[in-house]
Amino acid sequence: MSKLEHNMSLTGEAPAKLSTTQKLASGIGLLGLFILVLALANVNFPNKTLFLSLSLGLIAMGTVIFANDLYLGKHEGIKNDGVWFKSLTGRGFWAWILGITLTLFYIVLYWYPQYLGLNADGANTGIVSLFDPLSHLISGNPASQWFVYGTLYTLAILIFGYKFILKYRNNRYEIIRTFSVMFFQLGFAFLIPEILIRLNQPYYNPANIWPLNYDLFTDYKINEFLSAGNIGVIMLAFGLISIFVITPILTYKYGKRWYCSWVCGCGGLAETAGDPYRHLSNKSQYAWKIERWVIHSVLVFVTVMTIAVLYSFLGDSANDFWLTKDLFLWGTAGFLTLLFAVIMIFKRKELAKDAKYGAIGYLVIILTIIGINYLSGNGNIFFFAGYQLREWYGFLIGAVFSGVIGVGFYPIFGSRVWCRYGCPMAAVLGMQQRLFSKFRITTNGGQCISCGNCSTYCEMGIDVRAYAQRGENIVRSSCVGCGICSAVCPRGVLKLENDNLGGRINSEEVLLGNDVDLMDLVNQKSK
Amino acid sequence: MEHITIIGNGIAGITCARHIRKNSDAKITVISAESEYFFSRTALMYVYMGHMKWNHLKPYEDWFWEKNRIKLKKAWVDKIDFKEKTLHFSSEETMDYDKLVLATGSVYNKFGWEGQDLKGVQGLVSKQDLELLEENTQNCKRAVIIGGGLIGVELAEMLKTRNIDVTFLIREEAFWHNMLPLQDAKMISEHIKSHGVDLRHETELDKIIGDENRRVKSVITNSGEKIECQLVGLCTGVRPNIDFLKNSELETDKGILVDEFLQTNIEDVYAIGDCAQLKQPPAHRRPIEAVWYAGRMMGETLAQTLTGNAMKYKPGNWFNSAKFFDIEYQTYGQVSAKPGENEMHFHWQHQDNSKAITIAFEPNSNKFLGINTLGIRMRHPVFDHWLNEDRKIDHVLANLKQANFDPEFYTHYEKEIFKSFKENLQKF
């Protein structure tokens, strides 16, 4: 296949080639990055405010100039020319360099923040100290490695969001959605928590919902909320309402996209900075199988961890607080069993065999473990102390999976690895989207030509074409509703919609164009 | 066990094989010399443009065929012995069949131009054509495309992504005017030009000139103009790929002649897809329809017949779609390029010339006949219903919003379209 897949034109230029302006813009952006590298190498800049502004400004300017040159002055429309030819987006040399660099950055960030200049006692040095002025301005405190990360993360979503908007400026759904993720990142994820700190309130991002925010219901966080008085209680209550009330309602009405591709910060980064890598996701059925097992296992893990942490946090006596260890435990067991029963009773037919086995298996295991530990009276509920489970979860899932693998491997495995295989919030929303939601991607009669653009550019690795070419609607738990399949379709076959529940899942072949008798017959046989 | 052999692994042959498997345990063999696995021919352009890799063109993963017991054989059929029911391959091998399905597709037209066999002169239909195009566009600065159809405009788009200058010669006064009404055709012509294509209307190819290495160096148009180029794209339509069947007892005309059951004049031999020519096509349909959808529907229909449920090929309302650079095109029902007495057109075009619709109707009864839409997506099921219910144009225009299939938050133009129709009513 090498003949087909390598651009061999020598004077007919490759679409991958950068223009002079784009090279210049890359230079400007890299100069900005270079200031950060110097800071990392402990160059102590005299005027930190100036150099930080210069650095972030140059990065932003480089990206904006690059994007303008790439997209403005060209027709509105799909801009995927040469995506697979470019080294950076076609898993070439530069993709690996970028992947390795990002991975190293995450490793240092999580486990060796001292190399970034974070000093436990005494003033910051290195790159962290470069961000001190900005941190002082917003929260009134010196910067931490997380502030550095948060700033760069937000900057990435804003500048690559701008690029994304130019790229898809023919598509209002994409424009509005991208403004939304930019807004939630800048306001909710970055500014609000920092400002709360300035006001001596708990660090809290209302858009970061449990179980994605796995720390929300841990002992230290609850203590922090409770000691903050009314506002803390409101935060805690909003956290509970978010997952148990708001999430189900919005997901019922709009599908999980309201969160995953409109609000969430992880999704926000994937949709903006990660957009050039969306086509790298694995579309095989095998990958889909792995995805279902891994993501639901993470959900079980986070649930178990949270139950264990809360169990050890709560007291024995109802006199101290109405919610006791026992009440909480049996309440949770009851809730999970009820949820399980509702799904099995009403939606049994819509579940695949492995989903049923998995659900039953996990429920039995959890209840058995609770039973054994409860009866043994060892004070733990899952063999290990709650804090220990939390530590493991934080290391394995919070750091390694969502950070190092999730973002570090963008240029190799695509932009939504974490969202697809790991995020427990996506698992909760996905279950609901599959079983109780009005959202679907409608297939337009018989117009599909099986070209494969939809599947190729699905960042979640859904083989969209497999459904579209049979005239079937796409109702998949992993779909984040980014809308790109519909955008890249050359024949107007796909549309994201919220509509009636009736006929949402049509596993019949409804390819129009054929005589009606034939369609009846084909459908009868497939029943 | 009955052995059903299908020659050709395109959409017609493969759809037929899949549906046979759904209803029967017959032994199925699909033969192709072009590619090992089924791929989407309509997407060849995206590989050249770097949107997709070859693997993305395969609608089914490679394990699918074994799992469904569909045997794939990569071989070239030289000759068919219809009496003995035996295929003779170029490798001297043979294969016996019980039932034979011919789904050999199309090849591109060559009309006997001088120089049409020079190096650098080619069409774009097969995987091999795409590989050849990669070779032929090395060191290519200018290409001339002959013929204003769907493949021509796709080839122009492909070459532009490699920064190759394109001169596009078309016979009609506007792009694809043999299929599109003039106003639609003109809008697309303008769009093609706006992409930097040197589009020449009412210009035809006279001859192709080669250099001493028998490689193309220029073309001469019918007005005598000489255009230097390193590639000539022959895109003046396709014809059934049946040369290897000529001089056999199989009845052929332009294509393989078939009855309404898609059967040829020889028992147990059928033909579907681009290579088939219907002896009695249904009203408003052509005897040969070289489009993806017709191939698929013929495959589905024939699979029923072959599995014991004889069924006539009765395609429903005509529909089709395409994309011209950035403008998507959909059509439902009948919209003639040059309407006669009994067909009238209502045309609306957006001021930015990126969207338009043309609705055809019967002037006396106001019956809705069909619609072309450019830059606006429409729902296939809705138009299919309206066509089946013989709706009037008033109903269609009043309910146009129901048929809109554009992504969420897109600007709607139904009101503007309706207003424009009311204002122009006296003209009709």
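Residues numbered from 1 in each chain as written. Chains lettered and ligands numbered in written order. Predicted model: local features only at pLDDT ≥ 70, side-chain atom pairs only at ≥ 80, totals over all residues. Heavy atoms only, no water.

### With respect to the interface of chain B and chain A
Between chain B and chain A, the contact holds 79 residues from the first and 74 residues from the second. Carbon and sulfur atoms supply 49% of the area buried between chain B and chain A, which totals about 6300 Å² over both sides. The salt bridge involving Glu497 of chain A is made with Arg379 of chain B; its shortest N-O contact spans 2.5 Å. Run the count over chain B and chain A and you get 34 residue pairs in polar contact (both at pLDDT 80 or more). A per-element tally of the side of chain B that touches chain A places helix 7 (residues 292–306) of chain B first, with seven residues. Residue composition of the side of chain B that touches chain A, grouped by class: 28 nonpolar, 28 polar and 23 charged. (Contact = heavy atoms within 4.5 Å. Buried area = accessible area lost by both parts, 1.4 Å probe. Salt bridge = Lys/Arg side-chain N within 4 Å of Asp/Glu carboxyl O. Polar contact = N/O pair within 3.5 Å; in protein donor to acceptor, adjacent residues only side chain to side chain. Helix = DSSP H or I, 4+ residues; strand = E, 2+ residues; numbered from the N terminus. Nonpolar A, V, L, I, M, F, W, Y, C, P; charged D, E, K, R; others polar.)

### A short note on the domain arrangement of chain A
All names here are of chain A. Taken domain by domain, chain A comprises domain 1 (16–74 + 112–200) and domain 2 (437–526). Here domain 1 and domain 2 have C-alpha centroids that lie 39 Å from each other. Summed over both partners, the interface of domain 1 with domain 2 comes to about 390 Å²; 54% of that surface belongs to carbon and sulfur atoms. It is Tyr168, Tyr173 and Glu174 that lose the most area in domain 1 upon contact with domain 2, and together they represent 67% of the buried surface on that side. Inspection of the region where domain 1 meets domain 2 yields zero salt bridges. If you tally residues by element for the side of domain 1 that touches domain 2, the top one is helix 8 (residues 172–198), at three residues. Residue composition of the side of domain 1 that touches domain 2, grouped by class: three nonpolar, one polar and two charged. (Domains from an automatic or database assignment.)

### Here's the deal with unusual backbone geometry
A cis amide bond, omega 10°, links Trp210 of chain A with the succeeding residue Pro211 of chain A. For Pro211 of chain A, the location among the structural elements is in the loop between helix 8 and helix 9 (219–227). One non-glycine residue, Ser450 of chain A, lies in positive phi territory at about 55°. With respect to the element layout, Ser450 of chain A can be found in the loop between strand 1 (439–443) and helix 20 (453–456). Its relative accessible area of 4% is what places Ser450 of chain A among the buried residues. For Asn366 of chain B, which is not glycine, the phi dihedral falls at a positive 65°. Mapped onto the fold, Asn366 of chain B is located in the loop between strand 24 (356–361) and strand 25 (368–374). Owing to a relative accessible area of 25%, Asn366 of chain B belongs among the partly exposed residues under this scheme. (Buried < 20%, exposed > 50% of the residue type's maximum accessible area, 1.4 Å probe, protein only.)

### Looking at the sheet that holds strand 1 (residues 3–7) of chain B
All names here are of chain B. Read from one edge to the other, the open sheet built from five strands follows the order 3-2-1-7-19, with strand pairing classed as parallel. A single partner strand is all that each edge strand has here, and the edge strands are strand 3 (70–74) and strand 19 (269–271). The mean inter-strand angle of the sheet, taken between neighbouring strand axes irrespective of direction, is 20°. Across five bridges, the pairing between strand 2 (residues 27–32) and strand 3 is parallel. Note on strand 3: the bridge partner recorded for Val30 is Leu72. Docked against the sheet, helix 7 engages strand 1, strand 7 (99–102) and strand 19, running at close to 170° with respect to strand 7. (Pairing = 2+ DSSP bridges. Axes fitted to C-alpha atoms, helices over the stretch in contact; angles between N-to-C directions.)

### Some remarks on the sheet that holds strand 22 (residues 327–333) of chain B
Residue and element names in this part refer to chain B. Here we have five strands laid out as an open sheet, ordered 21-22-25-24-23, and antiparallel in their pairing. Pairing within the sheet leaves two strands with one partner each, and these edge strands are strand 21 (319–324) and strand 23 (344–349). Here the average twist between neighbouring strands, direction ignored, is 10°.

### As for the domain arrangement of chain B
By a frequent convention, interface size equals the accessible area lost on bringing the separate parts together. Residues and elements named next belong to chain B. Per the domain assignment, the segments of chain B are domain 1 (3–107 + 239–306), domain 2 (121–236) and domain 3 (319–427). Domain 2 puts 21 residues into the contact, and the matching count from domain 3 is 20 residues. For the pairing of domain 2 and domain 3, the buried interface totals around 1700 Å² over both sides, and the portion due to carbon and sulfur atoms is 70%. By the criterion of area lost to domain 3, the three top residues of domain 2 are Asp184, Met187 and His191, representing 32% of everything that side buries. Across the contact surface, domain 2 and domain 3 share zero salt bridges. For the pair domain 2 and domain 3, the interface holds five residue pairs in polar contact (both at pLDDT 80 or more). Looking at the side of domain 2 that touches domain 3, the elements that each hand over two or more residues are helix 5 (150–161) and helix 6 (182–194). Looking at the side of domain 2 that touches domain 3, the element that brings in the most residues is helix 6, giving seven residues.

### Focus: empty space enclosed by the protein
All names here are of chain A. The final tally for this structure, using the stated rule, is eight cavities of 30 Å³ or more. Quantified by volume, the second largest cavity comes out at close to 110 Å³. Looking at the second largest cavity, it is lined by 15 residues, and the ones nearest its centre are Ile441, Cys458, Cys479, Cys482 and Cys485. Residue composition of the lining of the second largest cavity, by class: twelve nonpolar, two polar and one charged. (1 Å grid on protein atoms, 1.4 Å probe; cavity = no way out; pocket = protein on both sides within 12 Å on 5 of 7 lines; lining within 4 Å. Points joined across faces, edges and corners; volume = space filled by probe spheres on them.)

### Some remarks on the pattern of salt bridges
Under the counting rule described, the total for this entry stands at 38 salt bridges over all chains. Each member of the salt-bridge network shares a partner with another, and the members are Lys167, Glu174, Arg177, Glu271, Asp275, Arg278, Arg416 and Glu459 of chain A.

### Looking at the packing of helix 4 (residues 93–111) of chain A against helix 16 (residues 386–405) of chain A
Residues and elements named next belong to chain A. Where helix 4 contacts helix 16, the two axes come as close as 9 Å, and the packing angle between them is 150°. Considering the angle they form, helix 4 stands roughly antiparallel to helix 16. Judged by the twist between their axes, the crossing of helix 4 over helix 16 is right-handed. Only Phe395, Gly398, Ala399, Val400, Ser402, Gly403 and Val404 of helix 16 make contact with helix 4, whose side of the interface consists of Thr103, Tyr106, Ile107, Tyr110 and Trp111. Broken down by class, the residue content of the contact of helix 4 with helix 16 amounts to eight nonpolar, four polar and no charged. (Parallel < 35°, antiparallel > 145°, perpendicular 65-115°, else oblique. Left-handed = near helix turned anticlockwise from the far one by under 90°.)

### Overview of the side chain of Asp132 of chain A
All names here are of chain A. Turning to its location among the elements, Asp132 is positioned in helix 6 (residues 132–138). No salt bridge forms around the buried Asp132; measuring N to O, its nearest opposite-charge neighbour Lys48 is 6.7 Å away. What Asp132 contacts, discounting residues up to four positions off in sequence, is Asn124, Asn141, Pro142 and Ala143. (Lys, Arg positive; Asp, Glu negative; His and termini not counted.)

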